[in-house]
Each structure stands twice: as structure tokens, then as C-alpha cells.
Amino acid sequence: MDLGREKCWGNSKDSWRTTLVLAYQSLGVVYGDLSISPLYVYKSTFASDIHHSETNEEIFGVLSFVFWTLTLVPLFKYVFIVLRADDNGEGGTFALYSSICRHAKVSLLPNQQTADESLSTYKLKQPPESEKSNRSKVKMLLEKHKSLHTALLILVLLGTCMVIGDGLLTPAISVFSAVSGLELSMSKQHHEYAVIPITCFILVCLFALQHYGTHRVGFFFAPIVLLWLICISGLGIYNIFVWNPQVYKALSPYYMYKFLKKTKTRGWMSLGGILLCITGSEAMFADLGHFSYAAIQIAFSFLVYPALILGYMGQAAYLSKHHQMAHDISYYVSVPESVRWPVLVIAILASVVGSQAIISGTFSIINQSQSLGCFPRVKVVHTSDKKHGQIYIPEINWILMVLCIAVTIGFRDTKHLGNASGLAVMAVMMVTTCLTSLVIILCWHKPPIVALCFLFFFGSIELLYFSASLVKFREGAWLPILLALFLVTIMFVWHYATTKKYQYDLQNKVSLEWLLALGSSLGISRVPGIGLVFTDLTSGIPANFSRFVTNLPAFHRILVFVCVKSVPVPFVPPPERYLMGRVGPASFRSYRCIVRYGYRDVHQDVNSFESELINRLTDFIRYDWSRPEAASDGQEDGGFGSSRSSGEQMLAVIGNLEGFEEHESITQVSVSLGFPTVESMGDITEMNMNPRRVRFADDDDDEGGDLRDVHMREELQDLLDAQQSGTAFILGHSHVKTKQGSSILKRLAINFGYNFLRRNCRGPDVVLKVPPASLLEVGMVYVV
């Protein structure tokens, strides 16, 4: 049961209980990073730019900034606005991009089909008549200029890269800040030699345990974060009443004005440390699909937000009476000595939980990037059979571990780590603000002035913080910028080359008639078995297969052209995943299978995929011969099914009929004409069919006549015989090079950049988990 689809407050007792359980579970996944921010916010803020004075104007001003930043950004922006910009219950950068691509033709995914719009998860909300004119102007502007499509993709990739950078920096600063509490129980010399090794040891253990999966230890996460929130709020209340009950006055925005008036430029530069109080806020939106809107709203509004405010107020109250701490603003100085060790242990555990959440989020967003053709192929391991979306990527895990340890050893203090982390956090939020503004216009159909107000209000706040972080370029902020430029270059080069390859395939594809006409002169023979030809094309015969046939004129008795493609939706329901059709007449025993996945879908392994494909093909054959049109089609070509001029027939959505009982009367099947690409779109129709007619070969339906029944049985028997003979996976092994006269930039990107990445990343056979004994690779040189 998917509990994360509830979008409203439950009315029944069960829905309330479910919402509260989800709210509790979200603590360990969503709020681990955000809840540990009190460990390093004040220390980063007072690191060098400003110092705590006797007047307390600095500490009260910082508290006022923290309070209003937490109120405006996580509470107002994310909880009440951005969380509503979900994509079928999913959140994150790609969810916003996916929603925009469905409402405006700005997607750069190459193999889109009209049939994809019939998916139940492909939701489009029509605008009211009064808003169509303004909305259409913005939509037309975006759709008209291809440069805006590219700019939008680069913006999304930039946000993605900053999330990856956050996944590198958050574990370092969280664990380092938690372990820094040891400084109060040992000398400064011993502290310098102990904190770094202990931090590195914890980080190594954290990354080494990733392959076990979150589900094995995840039940510890929520209690740890809950205990930590209770701890910081309890200590905050204690410090407020013991040291300074008047600290609540600092919540007035007047203290922000006094702070900036006194500190001037130094105060503005210190905002780079204050913004760390909202690090991890993006997780509320990114992890929306695992929970519900109400659960995340309840958890933050009634527990996380009050606990954080009390924690920061307690620290400020303590520091307002201890001016000698001007150069040592550590969280642990405000903790009473009697409970300091338990708090240290809880803090380290909470930092590990927060780091675990951001690492898992990094795996998830890289997997989404890979599914949309924006990241080199990597091995994705699903760590849980029961919980969707829990994955582990070995290459990324070890690269993150090495970089995380290198950053910890290289920076060695909270100041530089905070500067780097703050810039990455704010860049992600700015990208989210820009994309949400487009969603407000294109998806919510609000007037452009509403989107401009949202963009200006929250964008100005984030731009202020971003500028303060950017000033610290030489003091650590250079790291996320350098990392983002490197990753954006890799992702854009990979996407650019992938698109060029698809265009080459599209221009050089051949028709079935050419292949059939060539067969008599070449003497093409059919060998036993099933041949699965993987291609990115949704129509036509790929050029690498035609080259294979002309050089080795033989292929399998059953031939299936398989296209595994991504659709701009988070999930494709399993009954709607397979789009089946014939290629040529029925006697040719050639089919097309388009397998559609969403950007958050779990790809099946090869064993289940092969058996699933055979089952879908069997259902399609029975459905195709049961159609009334099959009689007239059969008369046209000697009883072997219709053959269009393009060699393509209709593509039918064949769902999983195994779950239907015999007494059920109808199910719905979407059927689209065979025009799969954007360049030539066909109509989509809906029709009802009896699942018994599709599922059972011995159905007592005499409308089609005995001839069709005989042909259907022959075709099913051929399929069964071929399955028993074995399956071969035919994949292309491509080498890409640029045309003569190409620009230097293009030659660098394709000849060196893309080919280097292709040689050093996982091959398609590894990604598809093809058995080596069944693999047949066809070499192909692409000149783009």
C-alpha cells in the first residue's frame, strides 16, 4: 500500500493514525540533516566576520535572523507552497522539471510518443478560460526558443549537481561538528590529533555500511532524531529560564536591523553561516514521495520547527551571559557538564542519521539523472525488495567517501566546511524557487504576477544569502562551485552525445520493406530462438541491426525490437508499462516492444524482464487475432495480419492480466496508432476488451473464424518453441566521432569527453544485467 499518496487531512481514525505514523517515520529520513544544524550554525557565523560583544546585539541579531529564516524558508516556502508542487506525489528537482515538460513542450528527451500522454500518471490540468492568454504567452515563449529548453535543462542539472555536492559536504560538517564536542574534555593539542581521525573513522564506517541498505537499520533513525530534538529543545528551555528569560525579545525583526547597522559589511558576510540553519530543508520536498504532504507538514510544524527555535534560543540565552565565549561559540559549551557526554553520543548518532539521509538522496537523484540520459551509466543495486526506491550505487558511494574524507582532512574546521555547504544549499534552493515559479504559471495556471511575487520575495532572500556565501569563495565556497562545474560538464556532454546518437539512429533507420526486399538476394535464414534487439528508436529498423543482417544474413525465428525508454512521470503503473505491436506481417514473427519507466521506477532484472516480455507478447498475439479488424486485415495479405506501408501496425498497451478473475467482464486497454516519435504523432483511442478473449487461446469465440484461430495457435506455438531454444540479447557497441569541420568545442566534447566516459562507465549489458552467454554486441560507428 502506498501511504504517500494522501494529499489531504484524513477524516477517519485510520487515516489520522496513518498520517501520524508517517510523520514519526519522516523524522529519521527527512529531518536528520535539518535537526543537527544547531551544532555548527553559531560557530560558523561567529568564526571570523563578527564577534560576540558585551551589548549582545550580535548574538540577538543572529538569533533574529535564524528565527525569521527558519520561518520564511522551510515553513512558509516549503511546507505551505513548494510541497504542493508535487508530481503525482513525488517531489524534488526532477519532479518540478517533469511537471513543466508535460505542460509545455520543452523536454529534450528524444523518443517521446503521443501514447505516453494516455498514461494514468500523465496528469494535465487544463487552465481556466480567463488565464489561457497570459499562460499561453509564457508557454509559447518557452516552446519557441530551443535555447530556453537547453537553459532549463542546465538549470536542472545545476540543481542536481549542488544536491550531489551537499551529499559530499553534509556528512563531513555534521560528523565533524558532532565529534568536536570532545574538545571540552581534552587539551587543545590532543583535540587536534583526535577529532580528525575519529571523524574519518566514522565516515568510513558510514559509507562502508551503505550496501546493506537503509531498511536494515532505518528503524533506529526516527527514535534517534526524536531523542535529539527532545534533547535540544529541553536544553533550550533550561538555558532560557536559567540564563536569560528575556531572550524572546530577539525574535523581533528590529534586532536584524540593529545587527546589520552595527556590523555593516561584516554582518552581511556572516550571513553565510546563518543560512546553515536551513540546510536539509530541500529534503522535505525531495522525500515527499516516501511520505505524505500532511505527515511532513505535521512533523515540521509541531515538532521540528519548535524544537529548533527553542534550541537556538537556549544557545543565545547562554551566550548572552557568557561573554568570555566570544571566540569559542561551540554548541557543547551551553550543555551542562552532567549531561554533556550523553548529549555528545546522541549528537554523533544524529549526525550519522542526517548524513545517511543525504547520501541516500544522492543515490536517488543520480539514478533519476541516469534514467533521463543525463548521467553516465552506473550500477544500481536495489537494497530492499519491499520498500521502493532504496538503492545503492557502488561507484558513487566510494567516490563520495574518498572526497568526503579528503574535504575533512583538507579543511579541518567548521568555518570552511560551513562556507562550502552553505553555498551548495542556497544554490539548490534558488533552483527550486525558479522551477516552482514556472510551475505556478504552467501547471497551476496562476497569473504571471503571482509567480513573479513568489520569485521576487523568496528569490531575494536566497540571493542575499547566496551572495554572502559567494564572497567566501577563497575560504571554502570554491569547492561546490568547482564540483558543480565539473559535474554539469559531464552530465551535459553525456546528454548532448546521447541525443546526437539518437538523431543519427533516427536519420539512418531503415524500413522493413528494404529488409524484406534484401532478404531474397542475401538468402536470410531464421535460426531457432528469440532475439531481443535493444534500440532507442520507437519506430523503424535501427541501422546497427541492418548492418548486422547484411554482414551475417541470419537472425532468430522470433525477433523483438525492444526500446527501454523514460517518460516524464515519476512512475508508470505496471499494467501500462508495455506497449506492444507488430513489425511487418504476422508471418514475419517480428514485434516491437516499448518498455516505459518513470524517473523513479525500479528497472526489472533480466530474468523477470524476459519472462514478463514473453507473457506480454503472448497476450498481445491473442489480443491482435481477437480484433474484428483482423479478419479484413487477413484478407489483404493472405491471412497474416495487416502490413502498413511503414511496416508498423498499431501499438497496444498490454497490461498484466494474470490478476483478473474469469467472472470480471472488462478491462481497459489503451491503443495508439504506430506513430511513436514527436515528428509524427498519431491518435490515441480507448477500447474495451474481455480479458478472457485475450488470455485464453481456447476461447469459444467463433466471430473471427477458424482460420484466425489456426494462425493464432501457430504463432503461439512458434513463440513457445523459440522460448525453449533460448534468448539472445542483441546490443549495440557504439563509437562516436564528430564530422569533419566540427568546432573544437564539439570535438573535445564528443571525441574526448564522451568517449572517455563511455569507456570508463558501465556498459549497457551491465545495466540491463544481460547474461554474458546470451550477449551479442554489434559494433557501430556514429558520425555526428
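These notes cover the structure that comes with them. Keep in mind the model is a prediction, meaning the values are calculated, not measured. (Residues numbered from 1 in each chain as written. Predicted model: local features only at pLDDT ≥ 70, side-chain atom pairs only at ≥ 80, totals over all residues. Heavy atoms only, no water.)

1. Some thoughts on the overall build of the chain
A count of helical and extended segments in the chain gives 26 helices and 11 strands. Put simply, the chain has 784 residues, and 57% of those count as buried. Put simply, of all contacts in the chain between residues at least 6 apart along the chain, 82% involve residues at least 24 apart. Entry remark: accessible area of the chain is about 32400 Å², with carbon and sulfur atoms responsible for 61%. (Helix = DSSP H or I, 4+ residues; strand = E, 2+ residues; numbered from the N terminus. Buried < 20%, exposed > 50% of the residue type's maximum accessible area, 1.4 Å probe, protein only. Contact = heavy atoms within 4.5 Å. Areas by Shrake-Rupley, 256 points an atom, 1.4 Å probe, with all protein chains shown as cover.)

2. What to know about the environment of Leu 479
The residue Leu 479 is located in helix 18 (residues 478-508) in this model. Residues Leu 479 and Leu 417 lie 62 residues apart in sequence; the distance between their C-alpha atoms is 9.5 Å. Those residues in contact with Leu 479, other than ones at most four positions away along the chain, are Leu 169, Val 407, Phe 411 and Ala 420.

3. Some points on the side chain of Thr 618
Position of Thr 618 among the secondary structure elements: in helix 21 (residues 606-626). Of the residues examined, Thr 618 reaches a relative accessible area of 16% and is grouped as buried. With residues near it in sequence (within four places) discarded, Thr 618 still touches Leu 716 and Leu 719.

4. Overview of the packing of helix 7 (residues 146-179) against helix 16 (residues 414-442)
For the pair helix 7 and helix 16, the least separation of the axes is 8 Å and the interaxial angle reads 150°. Of the two possible hands of crossing, helix 7 and helix 16 adopt the one that is left-handed. Counted by class, the contact of helix 7 with helix 16 contains 20 nonpolar, five polar and one charged residues. (Axes fitted to C-alpha atoms, helices over the stretch in contact; angles between N-to-C directions. Left-handed = near helix turned anticlockwise from the far one by under 90°. Nonpolar A, V, L, I, M, F, W, Y, C, P; charged D, E, K, R; others polar.)

5. Thoughts on unusual backbone geometry
Although it is not a glycine, Lys 264 adopts a positive phi angle of roughly 55°. A positive phi angle, near 60°, is found at His 445, a position not held by glycine. Within the element layout of this structure, His 445 appears in the loop between helix 16 and helix 17 (448-470).

6. Observations regarding empty space enclosed by the protein
If a probe as big as a water molecule is rolled over the atoms, it shows which places are left empty. Counting across every chain of the model gives eight cavities of 30 Å³ or more. Reported here for the largest cavity is a volume of approximately 90 Å³. In this structure, the largest cavity is lined by Phe 94, Tyr 97, Ser 98, Ser 107, Leu 108, Leu 109, Leu 153, Leu 372, Cys 374, His 495, Pro 568 and Tyr 599. The dominant element in the lining of the largest cavity, judged by the number of residues it contributes, is helix 5 (residues 93-103), at three residues. Here the lining of the largest cavity is built from residues that sort into nine nonpolar, three polar and no charged. (1 Å grid on protein atoms, 1.4 Å probe; cavity = no way out; pocket = protein on both sides within 12 Å on 5 of 7 lines; lining within 4 Å. Points joined across faces, edges and corners; volume = space filled by probe spheres on them.)

7. Focus: the pattern of salt bridges
Applying the stated criterion across every chain, the model contains 14 salt bridges. Put simply, Glu 462 and Lys 77 hold a salt bridge, and the shortest N to O gap is 2.5 Å. Pair noted here: Glu 462 is in helix 17 and Lys 77 is in helix 4 (residues 57-80), with a separation of 385 residues, a long-range link. Residues Glu 462 and Lys 77 agree in their burial class; the two are buried. The residue Glu 475 makes a salt bridge to Lys 415 at a minimum N-O spacing of 3.5 Å. A residue pair is termed long-range when its members are at least 10 positions apart, and Glu 475 in the loop between helix 17 and helix 18 and Lys 415 in helix 16 qualify at 60 residues. For Glu 475, a relative accessible area of 27% corresponds to the partly exposed category. By relative accessible area, Lys 415 is classed as partly exposed at 23%. Members of the salt-bridge network, linked through shared partners, are Glu 57, Glu 58, Lys 258 and Lys 262. (Salt bridge = Lys/Arg side-chain N within 4 Å of Asp/Glu carboxyl O.)

8. A closer look at the packing of aromatic side chains
Given two aromatic rings, their pairing is described by the distance between the two centres and the angle made by the two planes. Overall, the coordinates contain 22 aromatic pairs when judged by the stated rule. Relative to Phe 259, the ring of Phe 65 lies with its centre 5.7 Å away and its plane at 70°, an arrangement referred to as edge-to-face. Taken together, the positions of Phe 65 in helix 4 and Phe 259 in helix 10 (residues 254-263) put the pair 194 residues apart, joining distant regions of the chain. Judged by relative accessible area, Phe 65 falls into the buried class, the value being 7%. Seen from their ring centres, Phe 534 and Phe 729 are 6.1 Å apart, and the 15° between their planes marks the pair as stacked. In this pair, Phe 534 sits in strand 3 (residues 525-534) while Phe 729 sits in strand 10 (residues 727-737), placing the two residues 195 residues apart along the sequence. Summarising the burial analysis for this pair, Phe 534 and Phe 729 share the class buried. These aromatic residues form a ring-pair network of at least three members: Phe 60, Tyr 254, Tyr 255 and Tyr 257. Here the basic side chain of Arg 102 rests over the ring of Tyr 122, its NZ or CZ set 5.6 Å away from the ring centre. (Phe/Tyr/Trp six-rings, centres within 6.5 Å; stacked < 30°, edge-to-face > 60°. Lys NZ or Arg CZ within 6 Å of the ring centre and 35° of its normal.)

9. Regarding a nonpolar patch on the surface
Among the surface-exposed residues, Ile 449, Val 450, Leu 452 and Leu 455 lie close enough to one another that they form a single nonpolar patch of about 340 Å² accessible area. Position of Leu 455 relative to the elements: it lies in helix 17. The class for Leu 455 is partly exposed, based on a relative accessible area of 31%. (Patch = residues over 30% accessible without salt bridge, like charges linked within 9 Å, V, L, I, M, F, W, Y side chains within 5 Å.)

10. Digging into the packing of helix 4 against helix 13 (residues 293-320)
Across the interface, helix 4 lies against helix 13 with an axial gap of 10 Å and an inter-helix angle of 175°. Between helix 4 and helix 13, the angle is such that the two are roughly antiparallel. Where helix 4 abuts helix 13, its residues Ile 59, Phe 60, Leu 63, Val 66, Phe 67, Leu 70, Thr 71, Pro 74, Leu 75, Val 79 and Phe 80 lie against Tyr 293, Gln 297, Phe 300, Ser 301, Tyr 305, Leu 308, Ile 309, Tyr 312, Met 313, Ala 316, Leu 319 and Ser 320. Its residues assigned to classes, the contact of helix 4 with helix 13 shows 19 nonpolar, four polar and no charged. (Parallel < 35°, antiparallel > 145°, perpendicular 65-115°, else oblique.)

11. Some details on the environment of Gly 311
Position of Gly 311 among the secondary structure elements: in helix 13. Considered as a pair, Gly 311 and Leu 235 are 76 residues apart in the sequence and their alpha carbons are 6.9 Å apart. Those residues within four positions of Gly 311 in sequence are excluded, and the remaining contacts are Ile 232 and Gly 236.

12. With respect to helix 11 (residues 265-274)
Of the positions making up helix 11, those classed as buried are Gly 267, Ser 270, Leu 271, Gly 272, Gly 273 and Ile 274. Buried residues belonging to helix 11 abut helix 3 (41-45), helix 4, helix 10, helix 16 and helix 17.

13. Focus: the environment of Tyr 331
For Tyr 331, the location among the structural elements is in the loop between helix 13 and helix 14 (340-371). If we skip the residues at most four places from it in the chain, Tyr 331 touches Pro 38, Leu 39, Trp 228, Ile 232, Leu 235, Gln 315 and Val 343.

14. Quick look at the pairing of strand 4 (residues 554-566)
On any regular strand, side chains alternate: one points to one face of the sheet, the next to the other face. Counting buried residues along strand 4, 11 of its 13 residues qualify, which places the element largely inside the surrounding structure. The pairing of strand 3 with strand 4 spans eight bridges and is parallel. Following the sheet pairing, Phe 534 is matched in strand 4 by Val 562. Of the strand pairs in this sheet, strand 4 and strand 6 (residues 590-597) are connected by eight bridges, and their pairing is parallel. Bridging across to strand 6, Leu 559 finds its partner in Ser 590. (Pairing = 2+ DSSP bridges.)

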